[in-house]
Amino acid sequence: MARFEELQQLWQAQPQRPLPPFDPRGFGNALRRFGRIQNTINLAKTALLLILLPRFVLKLHNSPLAMYGGMLATAGAAIYLILDWRNQVLISRLDFSEPSIEFVRGALARLRNHKNPFRHGFWLPSVLAVIGVELMYLGLFLRHHLPAAGWALVVVFFVAFPLAVYRLGLKVRAKRFRYEGGEIEEQLSRLQRELEDRSE
């Protein structure tokens, strides 16, 4: 027990390594890189939507329910893309020429809020997209005479699909954020600490 206390005292007596200071040039580069990555990804998503929409119309025209579901899913995805892209552009264009503590805290909150792909304001397009996909598959399933066991699997799919989308969306966005916005968050945290130390 005495040995443990000695080790604990030695550990606590170690000088704390100072955090690296805020790097304005590195932060500016990180912001520009974040903007470029988001623009590239969102342009690819836009191209994918433009390719899928006519395919939905052509391949699902025999089932009006499936076609409407595909169009609804595309509309929900397009609305989500526009809102998310707008938020990313606002983050990449924040002006840090004369930052204040309140400004930096707000910027950090906006950035960290970006981690959640199903945050406030994004539920409606997300729900529209999920409902559209389910209507699309329902329209396709209704064209086939499925046994009771088959319809049971259909019900399981409709229940599990939104949950799977939610969990997968959180995981994918968390990994993307660590790669795309991790450096920005770290630099903002340093800037916030420096401003707080100056105000004391």
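Residues numbered from 1 in each chain as written. Predicted model: local features only at pLDDT ≥ 70, side-chain atom pairs only at ≥ 80, totals over all residues. Heavy atoms only, no water.

The subject of this paragraph is the overall build of the protein. The number of helices and strands found in the protein is 7 helices and 0 strands. Reading the protein from its N end, one meets helices and strands in the order α-α-α-α-α-α-α. For the protein, the residues scored as buried account for 32% of the 200 residues in total. Residue pairs in contact within the protein that sit at least 24 positions apart in sequence constitute 82% of those at least 6 positions apart. Of the roughly 13400 Å² that the protein leaves accessible, carbon and sulfur atoms contribute 65%. (Helix = DSSP H or I, 4+ residues; strand = E, 2+ residues; numbered from the N terminus. Buried < 20%, exposed > 50% of the residue type's maximum accessible area, 1.4 Å probe, protein only. Contact = heavy atoms within 4.5 Å. Areas by Shrake-Rupley, 256 points an atom, 1.4 Å probe, with all protein chains shown as cover.)

What follows covers the nonpolar core. Among the nonpolar cores identified, the biggest contains 15 residues, and Phe27, Val104, Leu111, Ile184, Leu188 and Leu195 are the most heavily contacted of them. If sequence neighbours within four positions are ignored, Leu111 has contacts with Ile91, Phe177, Gly181, Ile184, Glu185 and Leu188. Leu60, Met67, Ala73 and Met136 belong to the second-largest nonpolar core, a separate cluster that totals 7 residues. (Core = buried A, V, L, I, M, F, W, Y, C linked by side-chain atoms within 4.5 Å.)

With that settled, consider the layout of surface pockets. Considering only enclosed or pocket space, the largest pocket measures out at about 890 Å³ in volume. Considering the residues around the largest pocket, the lining is formed by 27 residues, among which Lys45, Ala77, Tyr80, Ala129 and Val165 are closest to the centre. If you list the elements that add at least two residues to the lining of the largest pocket, you get α2 (24–59), α3 (64–92), α5 (123–142) and α6 (148–180). (1 Å grid on protein atoms, 1.4 Å probe; cavity = no way out; pocket = protein on both sides within 12 Å on 5 of 7 lines; lining within 4 Å. Points joined across faces, edges and corners; volume = space filled by probe spheres on them.)

Next up on the list: the confidence of the model for the protein. In the predicted model, the protein carries a mean pLDDT of 76, and 82% of its residues have values of at least 70. Ranking the elements of the protein by mean pLDDT puts helix α1 (residues 2–13) last, at 49, and α3 first, at 84. For residues 13–17, every residue scores under 50 in pLDDT, and the model assigns this stretch 0 contacts once sequence neighbours within four places are set aside. (pLDDT = per-residue confidence, 0-100.)

In this section: the environment of Pro125. Considering the arrangement of structural elements, one finds Pro125 in helix α5. Exposure remark for Pro125: the relative accessible area of 3% places this residue in the buried category. The spatial distance from the C-alpha of Pro125 to the C-alpha of Leu81 is 9.0 Å, given a sequence separation of 44 residues. Dropping the residues within four chain positions of it, Pro125 is found in contact with Gly76, Ile79, Tyr80 and Leu83.

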